Every structure is written in C-alpha cells, then in structure tokens.
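# Summary of the model geometry
If you want the building blocks of each chain, they are given just below.
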Amino acid sequence: MKRMKIAKRVLWIFPAAALFALQGAGTVFAAADTVRQNDKEDADIVDSSETGSITIYKYDMTAAGENGLDLSSLKEPSGEADKDAETLLTDYAVEGVEFSYLYCGKAETYSSSETQKNRIELVYEVPRDLAELLGMDPEDAFDMSESVPEPCSDQGVYHYSSAQINDALKNFLENGESGQEDGNKLARDALEEYMKNSNGRTAMPLTDENGKTEAEGLSLGLYLLVETKVPENVTETADPWFAALPFTDEEGEQWLYDITCYPKNQTGNPTLEKLVQNATENVDGTDKNTKDYAETATVSEGDVLNYLLVSKMPHIHSRATYLTQYSFRDVLSEGLEYNQDVKIAFYTSEEAAGSNDLNQAAEIWGEDRDTAGLYRQTCKSLKTEDGSESGLTQLDVVITDEGLEKINRDRSDYWIVVFYTVTVNADASAVLGDEGNPNDAELTWRRTSDSYYDTLEDSCTVYTYGLQLEKQFSDGGGDPRKAEFILYNSTDGCYLLSEHTGTIDDRKVYYITGKTSEKEAATRFSPAGDGAFCIYGMEADDYVLTETDTDAGYQILKDPIEISIHSTEGMGEVRIPASASVDGQEAELCEFVLTDETYIVNDTDFASGIVNTVQQEGEIRSGSSQVVLEVTNHRKFLLPQTGGTGSYLLTIAGLAAAAAGIFVGERSSVKRKNRGPEL
C-alpha cells in the first residue's frame, strides 16, 4: 500500500511527465484525472488550491540545560507538531522573538528527455540575488525554459533542488561569504541584512508567553526564515533555514500544509559589579590604597575615590542579537561629589578589568576626540516627591548609537569598565557610621526587540567615622578651651588637617580636609566652652590622639590614646597602654571589650573608647558612627615655693597660729560675758 501511495505521489508531482510518457487517447487522460482527484482526497498529491501555515515555538535551551532537563527524549525535527516537546519545555518559553519569512518561489517539476531516460525532479525557485549571496553556481541551476511539459518563464529566479539549496546554506553558514574568519557571524549578518532589505519580507508577530508565533494563509512554495529580533537575554539565534509548503509527513505517506518548527536559542545576561578604591595619595606622594578595588572603602572627608562599573558584555551572535541600548546609572549619596571625568575601557581579561589596568585595555574611550562621541554622560541633582532637594546625585552614562555600532561589530564578550572619580565632601553631608554612603548602580540593556529590556543592579558603600571628645577637670575648674589635641593617622603615617565649621549643641565641630607629614602643621583640636568637640570624616584606620596642652595648673595625659576603627565590624576601639590597669587589674596591650558606656580617660594612664550611636539635631549620624571619649585632667601636685626649704610648712604653721588666736579670743569673750560686768 505504501509503495502504491508513493507511486501515486510521484504521478502528482510530475503530472506532465506522466502524461507525456503515456501519450494515450482521451479516455486515458480521463482516467488520469480520476486518479489525480482520488489521490488528492487521500493527501497523496498536493492540492494546489490549499494554503499553508508556519508555526514556530521558541525555547530557552540554556536554562533548560542548566536545570538538568533531559532533552534526549526529544525527536528529530520533522516539521510536524511535537506535543511532547511543547509539554517538556513549557517553562522555558522565550517571549519577544521576531521571525521574518520571505517567499522565494514555487515548487516545480523538472523533466528532461535529453538522455535515453526521462529525468524528473522536484525543484524550487530561488531569487537570483539570494542564490548569489549563498554562492550557488548558475551553471548548476536547472534549465526550466525547456522543461516538459510546463516550462517556467519567471524572471529573476534560478531553479535548484532541495539538496542543492541545503548544501549551499550549510556551506555559507559555516564559512561565510568567502571563507572569512568568524564566517558564521558574517553569514548570519548577511542573511539577516538580506531579509531586512527584501521587499517581500514579512515579519511574524513576536513570540508570546508560550514562545509561539505563527503565520497562516501562506502560498505554497519555498520560504526562507530568519530570526530578526530578540529580547535582551538571547545571546545566540537559530541558524536561518528554508521550509517548503507543503511537506511530506514523517512516514513519507502524505502531504502536510502546516509546518511547526522548534529553533533553539541560547540565552545569557551581562554582569554588573560596582567597585571603589581610595585614590588619595599619602603625604609622601605614594599611593594611599594598596588594596584592590572592593565593594566597600573607608575614607576621610576630602578624599578622592576611584569608582568602577564593571560589566561583562553579553554575547553578540549576529545582527539579530545586536545591542540597541547599553546604559549605566549611578546614584551618588549625599556627601559625595561627582568629578565629571567618566571614561570607558574594554578588556579581554576579567582580572585586568577588575583592577582597571589601563595598560592592558584593548581600547579606551574618552581620552581623545575620536572616541568622545561614542558615549555621553549627564549628571543631575534628584528631587524628592515634594520637589525639595534630596541630596542625591544621578549620573547617567549612555553608549550612543555610534558606540553601539562599534560594540556590536567587535566587542562581543568583552569586559566594559566605566570609571570616574568622586570627592568626599568635607561637611555635614557625609553620613558617619555603619549606614555608610551607598552608591546604587544600574545597568539597562536591550537588543533588537526594543520593547523587551532588563536591568541589573549593584552597589558599593564608603564608610567614614568620627570622634567625640568630652573634656573634664577633676575639680570642676579649669578652662577646656585651653586644652589642645593633635590626631595622627598611624596607618597612613600623617597628621590630620581639619576645618572648624562652628558648633552643634555646644560641641565644636571639625571636618577632616587633608593631611600633613609635619607635626607643627597639624590641626590643634580644642573643645568649646562646655568642653566638647567632634572630629568628623575619619576613615577606618589606626590613630594616635595626643593631648598637647591643657589649662594652667592641670596635668596633661601621660600617654597618647591609641584608637583603632574597624568598619568591617562596625565599631572602633581605644587600646589600653601596657602599664595601665582597669578596675585594679593589670592589663596587657589589647583591644578593650566595648560596651554601651563611655570610659574615663585621666592621669591614671588608662583609656578606652567606644563607637556608639549619637543623634543630634543638625547632624547626620548612624549606628556605630563615632568613638566617644571623656578625658579628665587633674590638678598638679603642690610643690614648695621658691626661696627656702619648708616655706609651705611655715605658711601652714602661721595659718594654724592665727586660727588658734581667733579661737582663744572667742573663748575669753564668752567667759567675760558669763561673769557679768566688773565692779
């Protein structure tokens, strides 16, 4: 039966050749018409009055593989609907993909009797410009001008068999137009460009939430299908392919008019990481920060910071996967000032990108006029909902169309680094403590399916801390304004410079503005009238606070106070000198266990401090924001006066004698009063 059906199908495909061979009377032609009609009803021959359809399902094979989905059970594509595949891959549908189709031409029967045997084949019309693009030799085309019994006189087409068309497409995709390097990408680009510029091109609807799109009512013949637009996460498109309507079923028994295709997509997303490094130099001109870029940094106010936005560029497989948007947004917190100096570098190495080693950069944008137009930067202050200033600054870095063209052409899978500097404001705008000064960065990218986009977010934080000192005198006397301190950063080997900006709640306020190697040039910190001052904008380092002056008649501290601030733990410590004692117990040099109290610093030579929470009107503070110290001076010991030994003893004896005389005089007066008047 199967053999009979195949034979009847051949009679339909090549009806002219069959009739030419019979050369019978009219009754024979009538019999042939009857057979053809019966075969048409049994789907053994093509019904030329029918139309066809193309249905495409798009699935994310990358995600399916990463999730361990067993794809071995899927059948080889046949053009027929595969319900098992649709059920298995339903959770991996890709929405937003556009396919375009181009009607190439009719399917025709070639017949020739140039040899002793009649040569009968099925051939398809192929537009000449497409055939030339695919590298198909016109000499290999079938000459349909003398085909028997129905010659073809269509202009602008060649005729080739399906085998010739398949081989030409396969060779073209593997080697490109002329065997160039990266030929597959160039071949895809060429076919996608050909489809884009073809007058007969029809774009199918974007794939829906089920990954499905379809076109109905199609004329029978040969079609070229190309994936022309993809959403943001598609990195690799399906190879262009040809499809014929109708096509024979999997068993080779009948013609089908509705073809279903399952082209595969590979997906992936770019990455985004925001990093920071303190760029301020030491006082001796050496680099301050020997550490790599990181997600956090501690700073002094006035420091300059290097910021990096590091992104692994997504794979660009062909024109359909070209990027149409790649933009960065960074919101700088209050207290950080953007220095308007954005540049962009490209790297082939993740390590070089993470350190922004410009010596290894493949290309740097922004160093000359030739690259200035490849991106643009804008900066603006953000408002709150009520229209007031929020204190936040928004930086946008957008790759222009010219820049995207360059990226799409030769920067697939590179690392892109957006880098710039920021200055920490030396004022009350910088937030002290654990809350830090965060910077939230965002990457937005699109591909050719413009309505589909995605964003990535990352952030880094810079921390700065403070010191609050309460100056006391043990007897309640003394003028705290006469006391002075200097602060030495022992980590960086420098003395701190500061600017006094007034008082807050009777506390004298200083903001760190710089550093010096000269002790004589260091800022002298002195309390306000109530004995308090604050130093804001200290980074997480080791410090030595030295009392250099105090009021007359009082003793300064014997030892400097050692302070160690660790932002990673969100607290700071003051070290105890080796000779000190706490509650009568000898203590080695160690980090004191911090509690919620303030430790007294006095002339018994022990000190301790804490980082605590302080919220004062007019100040910006967060938890674990500053080291709090209370420093107490005691009176000096009384010494003998100059001019002779024992002068203090004589003075004391004189005072005692005077007191005794007063006492005796009082007693005599009382006695006289008790005796009454003398006679």
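Residues numbered from 1 in each chain as written. Predicted model: local features only at pLDDT ≥ 70, side-chain atom pairs only at ≥ 80, totals over all residues. Heavy atoms only, no water.

In terms of helices and strands, the protein chain carries twelve helices and 40 strands. Taking all contacts inside the protein chain whose residues are at least 6 apart in sequence as the whole, residues at least 24 apart take part in 72%. Accessible surface, the protein chain as shown: approximately 33,900 Å² in total, 47% of it carbon and sulfur. (Helix = DSSP H or I, 4+ residues; strand = E, 2+ residues; numbered from the N terminus. Contact = heavy atoms within 4.5 Å. Areas by Shrake-Rupley, 256 points an atom, 1.4 Å probe, with all protein chains shown as cover.)

Let's shift gears to the nonpolar core. Formed by 39 residues in total, the largest nonpolar core has its most connected members in Tyr307, Tyr326, Phe328, Ile344, Ile399 and Tyr420. Examining the composition of this core, we find that five residues originate from one element, strand β25 (residues 415-424), more than from any other. Residues in contact with Phe328, not counting those within four places in the same chain, are Leu272, Leu309, Ser311, Leu395, Asp396, Val397, Ile416, Val418, Glu442 and Leu443. Among the nonpolar cores identified, the runner-up in size contains 27 residues, and Val126, Leu173, Met195 and Phe242 belong to it. (Core = buried A, V, L, I, M, F, W, Y, C linked by side-chain atoms within 4.5 Å. Buried < 20%, exposed > 50% of the residue type's maximum accessible area, 1.4 Å probe, protein only.)

The next point concerns the pattern of salt bridges. Once their charged atoms are close, side chains differing in charge can pair, the charge on each being opposite to the other. Per the counting criterion, the structure on display carries 21 salt bridges. For Asp154, the salt bridge identified is with Lys106, shortest N-O distance 3.3 Å. On the criterion of sequence distance, the pair formed by Asp154 in the loop between α6 (128-133) and β6 (157-160) and Lys106 in the loop between β3 (98-105) and β4 (107-112) is long-range, its members being 48 residues apart. The partner of Asp330 in a salt bridge is Lys274, with the nearest N and O atoms 2.5 Å apart. With Asp330 in strand β19 (residues 325-332) and Lys274 in strand β16 (residues 273-278), this pair connects stretches of sequence that are 56 residues apart. Note on accessibility: Asp330 and Lys274 belong to one class, buried. (Salt bridge = Lys/Arg side-chain N within 4 Å of Asp/Glu carboxyl O.)

Further remarks concern the side chain of Ser311. Along the chain, Ser311 falls in strand β18 (residues 304-312). Residue Ser311 is classed as buried on the basis of its relative accessible area of 0%. A polar contact of 2.7 Å, which involves the side chain of Ser311, links it to the side chain of Tyr326. Setting aside anything within four residues of it in sequence, one finds Ser311 in contact with Pro270, Thr271, Leu272, Tyr326, Phe328, Tyr414, Trp415, Ile416 and Leu443. (Polar contact = N/O pair within 3.5 Å; in protein donor to acceptor, adjacent residues only side chain to side chain.)

Following the sequence through the fold, Thr62 ends up in helix α4 (residues 61-66). Engagement of the side chain of Thr62 in a polar contact is seen with the side chain of Gln266, the distance being 2.6 Å. For Thr62, the contacting residues outside a window of four places in its chain are Asn265, Gln266 and Thr267.

The subject of this paragraph is the sheet that holds strand β23 (residues 375-383). The strand order β17-β27-β26-β19-β24-β23 describes an open sheet built from six strands, whose pairing is mixed. One side of each edge strand has no neighbouring strand; the edge strands of this open sheet are β17 (296-298) and β23. This sheet shows a mean twist of 20° between the axes of neighbouring strands, independent of strand direction. The sheet contact formed by β17 and strand β27 (residues 453-463) spans three bridges and is parallel. Counted as the bridge partner of Ala297 is Val462 from β27. The sheet strands contacting helix α11 (residues 401-410) are β19 and β24 (389-399), and the helix crosses β24 at an angle near 55°. (Pairing = 2+ DSSP bridges. Axes fitted to C-alpha atoms, helices over the stretch in contact; angles between N-to-C directions.)

On any regular strand, side chains alternate: one points to one face of the sheet, the next to the other face. Within β18, seven of the nine residues are buried, which leaves it mostly tucked inside the rest of the structure. Sheet topology places β16 next to β18; six bridges connect them, and they run antiparallel. In the strand pairing of β18, Glu273 is matched with Val310. For β18 and β25, the ladder comprises nine bridges, and the chain directions are antiparallel. Within β25, the position partnered with Lys312 by the bridge is Trp415.

To continue, consider the packing of aromatic side chains. For the structure on display, the rule yields 18 aromatic pairs. Ring centres of Tyr307 and Tyr420 lie 5.9 Å apart, and the angle between their planes is 25°; on these two criteria the pair is classed as stacked. Here the residue Tyr307 occupies a position in strand β18, and Tyr420 occupies one in strand β25, the gap between them amounting to 113 residues. Of the two residues, Tyr307 and Tyr420, both sit in the buried class. Here the aromatic cluster, defined as three or more aromatic residues joined through ring pairs, consists of Phe485, Tyr510, Phe525 and Phe533. Residue placement shows Arg411 over the ring face of Phe346; its charged tip is 5.6 Å from the ring centre. Above the ring of Phe473, the side-chain terminus of Lys471 is found at 5.5 Å from the ring centroid. (Phe/Tyr/Trp six-rings, centres within 6.5 Å; stacked < 30°, edge-to-face > 60°. Lys NZ or Arg CZ within 6 Å of the ring centre and 35° of its normal.)

Turning to its location among the elements, Leu245 is positioned in strand β11 (residues 241-245). Judged by its relative accessible area of 3%, Leu245 is buried. Separated by 193 residues in sequence, Leu245 and Gly52 have C-alpha atoms that sit 6.1 Å apart.

A few words now on the sheet that holds strand β8 (residues 212-218). Ordered in space as β8-β1-β14, the three strands form an open sheet in which the pairing is mixed. Two strands bound the open sheet, and with one partner strand each, they are β8 and β14 (258-261). Direction aside, neighbouring strands of the sheet carry axes that sit 10° apart on average. The pairing of strand β1 (residues 52-57) with β14 spans four bridges and is parallel. Following the sheet pairing, Thr55 is matched in β14 by Thr260.

Turning next to the confidence of the model for the protein chain. When pLDDT is low, close inspection of the predicted coordinates is not appropriate. When pLDDT is averaged across the protein chain, the result is 77; 74% of the residues are at 70 or more. Low confidence marks residues 1-32, where pLDDT is under 50. Its contacts with residues over four positions away, or in another chain, come to 39 contacts. Overall, residues 568-623 carries pLDDT values under 50, and its contacts beyond four positions in sequence, including any with other chains, amount to 151 contacts. (pLDDT = per-residue confidence, 0-100.)

So, about a negative patch on the surface. Together, Glu50, Glu214, Glu216 and Asp258 make up a region of like negative charge exposed at the surface. The exposure class assigned to Glu214 is partly exposed, which follows from its relative accessible area of 36%. (Patch = residues over 30% accessible without salt bridge, like charges linked within 9 Å, V, L, I, M, F, W, Y side chains within 5 Å. Lys, Arg positive; Asp, Glu negative; His and termini not counted. Charge placed at Lys NZ, Arg CZ, Asp CG, Glu CD.)

This paragraph deals with the environment of Ala522. Note that Ala522 resides in the loop between β31 (507-516) and β32 (532-538). Ala522 gets classed as buried once you look at its relative accessible area, which sits at 6%. Not counting residues up to four positions away in its chain, the partners in contact with Ala522 are Ile486, Tyr495, Leu496, Leu497 and Thr516.

Moving on: unusual backbone geometry. Omega for the peptide link from Leu245 to Pro246 comes to -5°, which places this bond in the cis form. By the element assignment, Pro246 lies in the loop between β11 and β12 (247-248). The phi torsion at Asn356 lies on the positive side, around 50°, for a residue other than glycine. Among the secondary structure elements, Asn356 is positioned in the loop between α9 (350-355) and β22 (363-365). Judged by its relative accessible area of 11%, Asn356 is buried.

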